[in-house]
Structure formats: C-alpha cells, structure tokens
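# An overview of the molecular structure
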Amino acid sequence: MEEGSCQNSVPGSGFVDKTRIVEAKPLRSLAPVLPKSLQSSLSGRYPSVFPPFVLFEEPQESQPSPAPMPAPIRSYRDPLDEEEAPHGANGETSSPMEGLNGCNVDDGQKRVVLPMNSCKSSQKRSKKTKESPFDLSSSVGGISMAKREDGDREVVNLVLMTYDSLRRRLCQIEDAKELNTTMLIKRADLRASNAMTGKAFRTNMRRRVGAVPGVEIGDIFFLRMEMCLVGLHGQSMSGIDYMTIKDELQEETVALSIVSSGVYDNDAEDNDVLIYSGQGENFNKKDKHVIDQKLQRGNLALDRSSRRHNEVRVIRGLRDAANRNAKIYVYDGLYKIQDSWIERGKSGGGVFKYKFVRLSGQPSAFAVWKSVQKWKMGSSTSSRTGLILADLSTGVESIPVSLVNEVDNEKGPSFFTYFHSLKDPKPFSLLQSSHGCNCNKTCVPGDLSCSCIQRNEGDFPYTANGVLVSRKPLVHECGPLCKCSPNCKNRVSQTGLKHQMEVFKTKDRGWGLRSLDPIRAGTFICEYAGEVIDVAKVNKNRGYDDEYVFDTSRIYDPFKWNYEPSLLEEISSNVSCEDYDIPSPLIISSKKFGNVARYMNHSCSPNVFWQPVLYAENNQSFLHIAFFALRHIPPMTELTYDYGCSSHADHSSAPKGRKKCLCGSSKCRGSFG
C-alpha cells in the first residue's frame, strides 16, 4: 500500500460504529496468535509470549473472541519495540529510493538523529552535500547553500517554476519523437526531477516537524516530485513520510507528513477531520494472501506521533477533472492524530486507522475545494452565496462566468457588451508570408514541413495537453487559412475559456477575476478582448480616456519562465528568447466590448503573464494577446498580471498619472500605470 491507501470512513464523534466494522478491535486488546512452535521459542525470551511486532489473525469461527473494551493503537507496544524504534519494525528502515529527502539510509546502517526542534538531515547526507562539486550559488538559479536547507516563498516558487519548465520542455521533445527518433524521453516528470536533484536545485532539504518555510496552506501540486523538491513531503511513492528523532535520551520515529490519495474519501460533513488508513503489503489487492498490516515504518511513525501529539503535515489528493487518471494535491496544513484503531479491510486483513484533526486558526484549503464542488453540483440560485448572475457572458462562452458579490450590496460592474476576441483588429505586415499550413487533420510535433512549426523555430509551442512550453517573442498559431482541422492543438488561444471563471467583488480593488478550477502552470486562461485603438489617435490626444486598456508599449518588469539549458546538459538546443517581438504597438480597450480579462487586477507579483500570439485570417496576420498561468494557481485564487508602467517620462499617456498599487506583494512597486 504505497500511498497509505487512505480508505476513509469517518466514525461518529466519541465512538466507533462497530456495526459497520468487522472485528473492530483496539490494538492493545488483541492477543498475538502465533504457532505453538513459535510460542515455545519465545516463552523464554518474552515471558508474556508477546514479541515486539506480530501479525493479526482472524479468530477461528468456532471460537469467536469476545469484543474487548475500545483502546487506541498507541497503547499496544512492547518494551523492546522502543529499542528497535530507530530502525522501524523488525530493524527495517525505509528504502533509500523511496524519496528525495536524503534521510533514508540502506538497511543495516543506523541513522543519525537530532532533537525534534532542530530536525536536520543525517550526517551522511550533510557530508555529501558539502562535498558536492556543483556550486549552485554561482550558477543556475543562484540558490545558496542556506536556501537549500531552509527556503522561503521566493525560492519555493523558483524551484517549482524551474522544475515545471524542464518537464514541459521534455514533454515537447517527447511529443516530437515520432519524427525525430534521436531523442527518446520516458517519464518527463522523473527525468526533470533527476536533473534538479543531480545539481541540488532544491530547497528545504533540512528535515523538520511542522510547517515548511515558503510552502503555504492551499498550495497545489500536480506531481509528487514537486512536493519532494520543496521539502513538503519527502517520499515520492509512499504516503507516509517520517524520520527518526532524538528527544532527551530516547530515539524514535515520528511522522512528518501524509498524502491522502482521496480514493476512498467519503462525504464527511467535517472537512477538518481525516480518517487515514495505514500502510499494508496486500491491502485490498485481489488474489493475494490476506496479510494484516504491521506496526512498522510509516505505521510505527504514526503510532509514535499519536502518542507524542506532534504536528503532521497533511496533503489531500483530489481527482483532476481535466485528466481522470491523474490527481491534484493540495496542502491542507497541520493536523494532529486524535485517535487510532484497527478494523478489517475488504480483503479481510487488519487495517490501521488514524483519526487526524486539523489545527484551528489555519486558512481554509481542502474545505474550499469541497465548497466549489458543491457549488458546481447545486442549483445556480441557491448553492452560491452572493450570486448575482449565473452567466455574465450571456452564453458567449461555452463555460458560464458567474458574477458574485460577498462584500457589499453593489449589483454589478458598469455595463459592457461581452465579446470573445478583438473587435475590428488591425493587420500586421510581416516579413514572412501569412499563408497557412497544409497539414492534414492536425499539425504533428516534429514535422518540419509544417509552415506553422517553422515559424515557431521548429518547435511545437504547446504540449499534448495544450500547455505552453516557453515564452517566445511571438507564438504563431494555426488560423482559418490553415488546412488543419479546427481541433488542431496549435489553436489553443482560439478555443475560448477552459476553466470555470468567476467575477467577484474584492475588498479594496473593485471587481476581480478568479477560477473555480485549479490551473496548471502554462495553461491558457483567456484572450484580452476588446476594441483595437488607433495608435496615431492616442499619440495625437496624448493618451486614452479609460482605464480598461491593455498597451503593449508599456514597460514590463522582465522575468524568467523558460527552462534552463544547463540543467538539461544532454539537450543541445538554445532556450527561446523571452523578449517579446511585436511588429508595432497594440492598444486594446475593453471599456465597451470585452471579456473576463477586463476584470484581472494588477499585481507586482502576478500569477498570470501575457504572450503575443499571431495567426492569419483573410490572407492577413493579426496579433492577439493571450494570458497564461505563470505558476500553479489554486481554485478561488485571484488572477492577476503586471499592468506595466508608461514609457513616457511625464506619464502623459495615462491622464490620471500613476495609480497606487494595493497588491500587497513583498515586491510591490507602490504604483503602476
């Protein structure tokens, strides 16, 4: 049971419904059932014939055992298991290949442990880190040795963005392998993580109980490796992460974090309670010999944490609506184990159950996801508090855009006509011809005979699931002149909204935009729709007279989003330039005509960026502004981008001058516009 199985069934407060449990027994009340030969061999060594760890066997039907008094798992222990605790049950340790934390050692090697209040990595790992020839502080990313041990928000974001950029690039190469067989990539996520760990491009490598610096409650992860790289959960496969600590004169294992896969979650009313199943060898597997779970490794760590009442990080898994075979993980904060017991699983084996209760005073995370699910399943008029309109787009978008106000009594923003793209766009004259490609059905990555791929420097700009690989001076998409089908994957920005959006009233910045769905980094969000303003008229009038304007001629803070070639030494290709190359300035006003993009507020630390996209229509090329997710964005998180600053020294293009910035970012410039 590599992920802790997580067969959740929440018992009632203060009791266990034994009518729903087959042979439910607390651990200490179960007498060991052993062969007579083993009993005789243990009688001298263990007077009570009670070894440190035993298997639980079902009582014979002919002689049913009477139901004992309830008792927690933690009360079941033998004095000898305290001596063996540093190595886990039966002297075993976790496999060194289970995770990326560097704290698991080979069997037979004793772990070096430290007090809980300073849970550092093992001496062996520390020595390897110090002897590493790769100095990241003077190379890729600039992560210092101190930041590798203890990170912050900026470093965590850097690590996650760098990892995802590598994964996207490897996916791009994998997608093109059918026509280019010189490079065969398997499991881009694992290969990207190997590249990162091989050069110590990680953070929070120091093991710890409790919160992880730079990781915030509500953060989402699309892959287990992402959690490993930022130190949230050290196991890439197992659902229970733990370490050995030394407290006073005692050494024992404690749980650091768990991942609940969510496969067996029920609709518990209390989202702050999690019933977590322990690890077991053949738990719920068909045609396997029934084996009870053992009090060792992760199960032993949970038992010790239950007794010590230490905080445990809980990551909840939810099924990805966009990919039913994948999961999205949300960090739900710190929990403590309140109770534990044993019950029979579907296979008949004994299963450890642990009741986790969330610590109070933490921001909502998993509860937000559950609320969103209820809104989506409920009626449009009663399931959403503060709902004003069920669909602001009045049917223009294939996915409805709700309008919500939970702040005051304002009934909605100023009137405008919802429009999905540009109104009266102006064509651009390019050196390259504007004719479309001649591909049959869809364009194929790696097909250099495709004229659209040629315009994108020989690379298909999107992965197979429609995620932008890299920022480019211009992204050339297929258009109406192309012979490929309308569902070609090189038309990402032309297919409308992919996520359910919500226009909502903010507390101090007017109306804003957020998504009810989680958004993966590089995912298309929307186009900036509106009327194209004539640049000559703007210059003549020394500015424009409305605030709903997007201007490509503004000055925008540079940032790096593309992959770092030095982390993929085996790939001999140059990273694409991230400086935009726009043929001529484009100014768009969404005051009268527009879409949801008009509601995105400014931030000096945005989670969305814009990318110029070009495609041909009516034998002419037209420029569009598409927005993409800069990093993973949790549901109900406001979407923001950098508005930039006027390029005029006297700010004459902005009649009201610079506006005060209220983004609240640690990097806030104080003003924008």
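A brief report on the enclosed structure follows. (Residues numbered from 1 in each chain as written. Predicted model: local features only at pLDDT ≥ 70, side-chain atom pairs only at ≥ 80, totals over all residues. Heavy atoms only, no water.)

## Observations concerning the sheet that holds strand β18 (residues 549-551)
With mixed pairing, four strands are arranged side by side in an open sheet as β11-β17-β19-β18. Since the sheet does not close on itself, it has two edges, and those belong to β11 (422-423) and β18, each with one partner. Note that β11 and strand β17 (residues 530-533) share two bridges and pair parallel. Bridged to L422 within β17 is G530. (Pairing = 2+ DSSP bridges. Helix = DSSP H or I, 4+ residues; strand = E, 2+ residues; numbered from the N terminus.)

## Regarding the nonpolar core
Judged by nonpolar contacts, the single largest core of 42 residues is most densely connected at M600, F627 and L639. At the level of elements, β14 (501-505), β15 (511-515), β16 (524-527), β22 (608-617) and β23 (620-629) are the ones that each hand at least two residues to this core. One finds I143, L160, V215 and L568 within the second-largest nonpolar core, a separate group that totals 31 residues. (Core = buried A, V, L, I, M, F, W, Y, C linked by side-chain atoms within 4.5 Å. Buried < 20%, exposed > 50% of the residue type's maximum accessible area, 1.4 Å probe, protein only.)

## Observations regarding the pattern of salt bridges
Applying the stated rule across the entire model yields 33 salt bridges. Ionic pairing is found between D557 and R669, a salt bridge with its closest N-O pair at 2.8 Å. Residue D557 is found in the loop between β18 and β19 (587-589), and its partner R669 is found in the loop between β25 (659-660) and β26 (671-672); the two are separated by 112 residues along the sequence. Look at R669 and you get partly exposed, because its relative accessible area is 30%. What emerges from the salt-bridge pattern is a single network uniting E252, D303, R304, R307 and R308. (Salt bridge = Lys/Arg side-chain N within 4 Å of Asp/Glu carboxyl O.)

## With respect to the environment of E527
Inspection of the secondary structure puts E527 in strand β16. Distance from E527 to I625, taken between C-alpha atoms, is 5.7 Å for residues 98 residues apart in sequence. Of the polar contacts made by the side chain of E527, one reaches the side chain of S421; its length is 3.2 Å. (Polar contact = N/O pair within 3.5 Å; in protein donor to acceptor, adjacent residues only side chain to side chain.)

## Some words on the packing of helix α5 (residues 153-175) against helix α6 (residues 188-198)
As a packed pair, α5 and α6 sit with axes 8 Å apart at the nearest point and diverge in direction by 130°. Of the possible angle classes, the one that applies to α5 and α6 is oblique. Crossing handedness for the pair α5 and α6: right-handed. Side by side, α5 and α6 meet where V159, T162, Y163, L166, R167, L170 and C171 of the first sit next to A188, D189, R191, A192, S193, A195 and M196 of the second. Residue classes in the contact of α5 with α6 are distributed as nine nonpolar, two polar and three charged. (Axes fitted to C-alpha atoms, helices over the stretch in contact; angles between N-to-C directions. Parallel < 35°, antiparallel > 145°, perpendicular 65-115°, else oblique. Left-handed = near helix turned anticlockwise from the far one by under 90°. Contact = heavy atoms within 4.5 Å. Nonpolar A, V, L, I, M, F, W, Y, C, P; charged D, E, K, R; others polar.)

## As for the pairing of strand β7 (residues 350-358)
Where burial is concerned, most of β7 is hidden: eight out of the nine residues are buried. As defined by bridge partners, strand β4 (residues 273-277) adjoins β7 across five bridges and the pair is classed as antiparallel. The residue bridging L274 from the neighbouring strand is F356, located in β7. Bridge count between strand β6 (residues 323-344) and β7: nine bridges; the pairing is antiparallel. Residue pairing in the sheet places K336 in a bridge with V357 of β7. Taken together, β6 and the strand that follows it, β7, pair antiparallel across an intervening segment of five residues, in which G348 is found at a positive phi of about 100°.

## Looking at the packing of aromatic side chains
For the structure on display, the rule yields 21 aromatic pairs. Considering the side-chain rings of Y276 and F356, the 6.1 Å spacing of their centres and the 80° angle between planes classify their relative orientation as edge-to-face. Taken together, the residues Y276 in strand β4 and F356 in strand β7 connect sequence positions 80 residues apart. Comparing Y276 with F356, the two get one shared label, buried. Look at F524 and F628: their rings are 5.8 Å apart centre to centre, the planes differ by 65°, and that puts the pair in the edge-to-face class. Here F628 lies in strand β23 and F524 lies in strand β16, a separation of 104 residues in the sequence. Here F524 and F628 have matching classes, each one buried. Through pairs of rings, three or more aromatic residues link up here, namely Y528, F550, Y556, Y580, W610, F627, Y641, Y643 and F672. (Phe/Tyr/Trp six-rings, centres within 6.5 Å; stacked < 30°, edge-to-face > 60°.)

Geometry only, nothing functional implied.
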